[in-house]
2 protein chains.
Amino acid sequence: MRAPHGQNRRMNDTREHIEKLTDALRRAGIRVTRQRAAILEVLADAQDHPDAPELHSRANAIAPGISLSTVYRTLSTLETQGVIQRHQFDGASARFEPAETDHHDHMIDVETGKVIEFCNDRIEKLQAEIAAELGYEIVHHRMELYVRKTGQG
Amino acid sequence: MRAPHGQNRRMNDTREHIEKLTDALRRAGIRVTRQRAAILEVLADAQDHPDAPELHSRANAIAPGISLSTVYRTLSTLETQGVIQRHQFDGASARFEPAETDHHDHMIDVETGKVIEFCNDRIEKLQAEIAAELGYEIVHHRMELYVRKTGQG
DNA sequence: ACTCAATTGCGACTCATTCGCAAGAAATAT
DNA sequence: ATATTTCTTGCGAATGAGTCGCAATTGAGT
Ligand SMILES: [Mn+2]
Ligand SMILES: [Mn+2]
Ligand SMILES: [Zn+2]
Ligand SMILES: [Zn+2]
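The model shown is predicted, which means the values in this text are computed figures rather than measured ones. (Residues numbered from 1 in each chain as written. Chains lettered and ligands numbered in written order. Predicted model: local features only at pLDDT ≥ 70, side-chain atom pairs only at ≥ 80, totals over all residues. Heavy atoms only, no water.)

### Some points on the coordination of the zinc ion (ligand 4)
Residues and elements named next belong to chain B. For clarity, the threshold we go by: With water excluded from the atoms, a metal site may look incomplete; its donors are any N, O or S atoms within 2.8 Å, or within 3.2 Å for Na, K and Ca. When four donors show all angles between 85 and 135 degrees the site is tetrahedral, when four or six donors have opposite pairs over 155 degrees and all other angles between 65 and 115 it is square planar or octahedral respectively, and in every other case it is irregular. Helix numbers and strand numbers start at the N terminus; a helix is a DSSP run of H or I with at least 4 residues, a strand a run of E with at least 2. Exposure is judged per residue with a 1.4 Å probe applied to protein chains only, and the accessible area is read against the type maximum: over 50% gives exposed, under 20% gives buried, and values in between give partly exposed.
For the zinc ion (ligand 4), every protein donor is listed as His103 (NE2), Asp105 (OD), Glu124 (OE) and His141 (NE2), and the spread of their distances is 2.0 to 2.1 Å. In this structure, the zinc ion (ligand 4) is coordinated by 4 donor atoms arranged in tetrahedral fashion, with angles at the metal of 97 to 134°. Along the chain, the residues donating to the zinc ion (ligand 4) are arranged with the sequence spacing H-x1-D-x18-E-x16-H. Placement of the pair is aspartate 105 in strand 3 (residues 105–109) and glutamate 124 in helix 5 (residues 121–133), with a sequence separation of 19 residues. Take aspartate 105 and glutamate 124: they sit in the same class, and that class is buried.

If you want it as structure tokens, here you go:
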């Protein structure tokens, strides 16, 4: 099992990352507006998995006057474009992250809410096998481990 | 990988199944009302993973006059009692099933919406290992494979 | 039958998300 | 540069699953 990126994302050149995202939009004929640029920048910088109101607040710090509706609309657009991913963890509202090249799953500390990323190739392979056995191929999947620190409970 | 129950659930004595459920409630000091009995019966019979409005409609076929609020309230109660499980599949509203003794995960045919149950012990073991490596124990987890029939796509 | 807390139905309410639409940018044509 | 077309935005209203408050009802011990 490898830790996909996470802590190291800050190391990447953020500017480069944003350009990759905006290019994807331009290629799809979608205008890169002030508000979309701000939201993309926030997403590229994010180490966590922020929800819409949080993204709204961060984006407004960069470019004041963005409405929450626009944040929601932009997030839907970006998701459709495959630029970001939406996660619906247990009872919470949707959280987002840029669609990195490498797939990963999530572990959520039920005490603190902390989200930890991971990917296990053996599990990924087994999932494909299970689907194949029944004549299916996987379109996408989600695996979430809700966990608690062991020991002093 | 084994198919946990599914098609065979009809084979079980439904009456016996319902009694097991109602007993769990009585033991917890929760009244088994007309409406709760109906909802439990519907759940015990269900081969699929119905949502609240569907359960409402089925329960009303047995005992007319049950309100949707009561269905929602009862479902929450039953979930808290550990008698049923709630599933939140991709964009849909919550779906429910009795909490059988054996754990399983779900595969959703993205074309038809069909839900297939499965359980893979190797994956379950790997999940526990991954959590343990980071000093966590799993409280619960969810794994959903969104799939499509292979071939003629 | 009597008592009383638990439960119900109803309608009002919440909260995340979506919509409608008129006003405001961007791209495009003249 | 100006006009025209098309896409986006902000605002506030609407949605829809699920929850809540409350008066009326009922389950289950006495
Ligand atoms: Mn992630
Ligand atoms: Mn199931
Ligand atoms: Zn995975
Ligand atoms: Zn599992």
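Read on for the rest.
### Quick notes on the UniProt feature "binding site: Fe cation" (unreviewed entry) in chain A
All names here are of chain A. The condition is simple: UniProt positions are given in the numbering used here, feature names are shortened, and annotations may be inferred rather than shown by experiment. The criterion used for residue contact is that any of the two residues' heavy atoms lie within 4.5 Å. In protein, a polar contact means a hydrogen-donor-capable atom and an acceptor-capable atom, both N or O and within 3.5 Å, with residues adjacent in sequence counting only if both atoms are side-chain atoms; elsewhere, any N or O pair within 3.5 Å suffices.
The sites that UniProt annotates as "binding site: Fe cation" (unreviewed entry) are His103, Asp105, Glu124 and His141. These annotated residues cover 39 residues of sequence, and their C-alpha atoms all fall within 10.2 Å of one another, placing them together at a single site. Structurally, histidine 103 can be placed in the loop between strand 2 (95–98) and strand 3 (105–109). In this structure, histidine 103 is in contact with Cys119, Glu124 and His141, ignoring residues within four places of it in sequence. Only 3.2 Å separates the side chain of histidine 103 from the side chain of aspartate 105, close enough to count as a polar contact. When residues no more than four places from it in sequence are discounted, the contact partners of aspartate 105 are Ile116, Glu117, Phe118, Glu124, His141, Arg142 and Met143.

### Concerning the protein's contact with DNA strand D
What counts is decided by this rule: The nearness test applies per residue and asks whether one of its heavy atoms lies within 4 Å of the molecule or strand. In the scheme used here, Gly and all other residues not listed as nonpolar or charged are polar, with Ala, Val, Leu, Ile, Met, Phe, Trp, Tyr, Cys and Pro taken as nonpolar and Asp, Glu, Lys and Arg as charged.
Close to DNA strand D lie 19 residues; A:Thr33, A:Gln35, A:Gly65, A:Thr70 and A:Arg73 are nearest. Among atoms of DNA strand D positioned within 4 Å of the protein, sugar and phosphate together represent 58%. Here a base nitrogen of DNA strand D and a side-chain polar atom of B:Arg31 are 3.2 Å apart. Of all the elements, helix 4 (residues 68–80) of chain B adds the most residues to the surface near DNA strand D, at 4 residues. Across the surface near DNA strand D, the residue classes tally to 5 nonpolar, 9 polar and 5 charged.

### Overview of the protein's contact with DNA strand C
Around DNA strand C there are 17 residues in total, and A:Tyr72, B:Arg36, B:Gly65, B:Thr70 and B:Arg73 lie nearest to it. Close to the protein, within 4 Å, the atoms of DNA strand C are drawn from sugar and phosphate at a rate of 63%. A:Arg31 is positioned such that a nitrogen or oxygen atom in its side chain is 3.4 Å from a sugar or linking oxygen of DNA strand C. B:Arg36 is positioned such that a nitrogen or oxygen atom in its side chain is 2.6 Å from a phosphate oxygen of DNA strand C. Elements supplying a minimum of two residues to the surface near DNA strand C: helix 4 (68–80) of chain A together with helix 2 (34–45) and helix 4 of chain B. Within the surface near DNA strand C, the residues separate by chemical class into 4 nonpolar, 8 polar and 5 charged.

### A short note on the coordination of the manganese ion (ligand 1)
Residue and element names in this part refer to chain A. The protein atoms donating to the manganese ion (ligand 1) are His49 (NE2), Glu97 (OE), Glu97 (OE), His104 (NE2), His106 (NE2) and Glu117 (OE), with metal-donor distances spanning 2.2 to 2.4 Å. Geometry at the manganese ion (ligand 1) is irregular, judged from its 6 donor atoms and the angles of 55 to 169° they form at the metal. Between the donor residues of the manganese ion (ligand 1), the gaps in sequence give the motif H-x47-E-x6-H-x1-H-x10-E. Of this pair, histidine 49 sits in the loop between helix 2 (34–45) and helix 3 (52–62) while histidine 104 is found in the loop between strand 2 and strand 3, placing the two residues 55 residues apart along the sequence. A relative accessible area of 7% places histidine 104 in the buried class.

### Notes on the interface of chain B and chain A
Put simply, the test is: Accessible area that two parts lose when put together, with a 1.4 Å probe and added across both, is what the buried area reports. Note on definitions: salt bridges are taken to be side-chain nitrogens of Lys or Arg within 4 Å of carboxyl oxygens of Asp or Glu.
Taken together, the contacts link 33 residues of chain B with 33 residues of chain A. For the chain B and chain A pair, buried surface summed over both sides reaches about 3400 Å², with 64% attributable to carbon and sulfur atoms. Considering only the side of chain B, the residues that lose the most area to chain A are B:Ile130, B:Tyr136 and B:Arg142, jointly responsible for 21% of the buried surface there. Applying the counting criterion to the chain B and chain A interface returns 4 salt bridges.

### Things to note about the domain arrangement of chain A
All names here are of chain A. As a reminder of what qualifies: Domain start and stop points were drawn from an automatic or database domain assignment.
When cut into domains, chain A gives domain 1 (5–98) and domain 2 (105–147). Facing 10 residues of domain 1, the contacting portion of domain 2 comprises 8 residues. Carbon and sulfur atoms supply 50% of the area that domain 1 and domain 2 bury against each other, a total of about 650 Å² over both sides. A per-residue breakdown of the area domain 1 buries against domain 2 is headed by His49, Phe89 and Asp90, which together make up 59% of the total. Here domain 1 is connected to domain 2 by 0 salt bridges. For the pair domain 1 and domain 2, the number of links is 5 residue pairs in polar contact (both at pLDDT 80 or more). Residue composition of the side of domain 1 that touches domain 2, by class: 1 nonpolar, 5 polar and 4 charged.

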